[in-house]
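Each chain, letter by letter, is given below.
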Amino acid sequence: ELCKGWGENRLLQQWDVVVLVQLRDVDAREASNLEELLDPDKQFGSELDYMKRTCGNGVMIIFDGYDELSEKQKQRTSVFQRLLVRRLLPGATLLVTSRPLATQELPMEFRKQLHEHIEVVGFSDNDIDEYVKCKFCDTPDMLIDFQSYISSHPFIYKAMYIPLHCALVTDLYQTYWRKGKKEFAPKTITQLYTCFIHSLLERYLDDHPVYGPQELCVQEPADIPRDVFDDLMRLAELAAKGIIEQEYVFDNLTHNTLGLMQRVNDS
């Protein structure tokens, strides 16, 4: 969004060049020099020359996802670490995003030079209440049922302190309530994500040229078409392997992602 705003002359106009580097991408994970990290597709040679010529003055580099940094880029001699400690492009403005736990792994030299440290915090009780009332403002009966539901399931309510979970819980409850199946609404965090995956699979099947629209039973995976179920298990194995090895490299050209890689608002 920041880069888009800069390109549309709405944001960050004090910088001549704004570069976004997704640290989860294969190119960023394997980069061994400035060119490979900032311009892996070799499309912005003149901009890269400008950055080198000005030592980074007038340049903002956004590093997204420090917590997903590869072991290669965590080494002090890596091109990424040299950028952080100002051995490369010392005049550049660096913006680094990360999940909170990984920020302690940032080089001390970088943390000492921080101008701003912004933490995105979760919802308060008042925020949750306001969000829920806004979500169900046109359906007072559903609002009453939902309030009873979350008061009976404290684990679900605690999850709603995270805004994404708040959106998932309310969306799923709304779906089940309208189908007359509110008893299937999730009661644990595991069930929350199980229900969410089922809703994404239903969306995928809605657009499938063979299967077409159908409703899946949350409690019974056997009603998922066999080839779709097999693809889902392959994705599950890939995720489990990533957790065990702490290495997440995903090529969606070699896997059927079943629509799970789509943005939620694409539906």
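Residues numbered from 1 in each chain as written. Predicted model: local features only at pLDDT ≥ 70, side-chain atom pairs only at ≥ 80, totals over all residues. Heavy atoms only, no water.

Put simply, the second largest pocket is a space of about 430 Å³. As for the second largest pocket, its lining consists of 20 residues, and the residues nearest its centre are Val19, Leu20, Leu38, Asp39 and Phe44. For the lining of the second largest pocket, the secondary-structure elements that each account for two or more residues are helix 1 (2-7), strand 1 (17-22), helix 2 (26-30), helix 3 (34-38) and helix 4 (45-53). Looking at the lining of the second largest pocket element by element, the count peaks at 6 residues for strand 1. Of the residues in the lining of the second largest pocket, the class split is 13 nonpolar, 2 polar and 5 charged. (1 Å grid on protein atoms, 1.4 Å probe; cavity = no way out; pocket = protein on both sides within 12 Å on 5 of 7 lines; lining within 4 Å. Points joined across faces, edges and corners; volume = space filled by probe spheres on them. Helix = DSSP H or I, 4+ residues; strand = E, 2+ residues; numbered from the N terminus. Nonpolar A, V, L, I, M, F, W, Y, C, P; charged D, E, K, R; others polar.)

With that settled, the discussion passes to the pattern of salt bridges. In the structure shown here, the tally under the stated rule is 12 salt bridges. Between glutamate 8 and arginine 10 there is a salt bridge, with the nearest N and O atoms lying 2.7 Å from each other. Glutamate 8 sits in the partly exposed class, given a relative accessible area of 41%. Given the relative accessible area of 45%, arginine 10 is considered partly exposed. Within this structure, Glu1, Glu8 and Arg10 form a network of salt bridges that share partners. (Salt bridge = Lys/Arg side-chain N within 4 Å of Asp/Glu carboxyl O. Buried < 20%, exposed > 50% of the residue type's maximum accessible area, 1.4 Å probe, protein only.)

Looking now at the environment of valine 18. Assignment of secondary structure puts valine 18 in strand 1. Residues valine 18 and glycine 58 lie 40 residues apart in sequence; the distance between their C-alpha atoms is 8.8 Å. Residues within four places of valine 18 in sequence aside, it is in contact with Cys3, Trp6, Leu12, Met60 and Ile62. (Contact = heavy atoms within 4.5 Å.)

Here we come to the side chain of glutamine 174. Along the chain, glutamine 174 falls in helix 11 (residues 163-178). For glutamine 174, the residues in contact, after removing those within four places along its chain, are Lys135, Phe136 and Met142.

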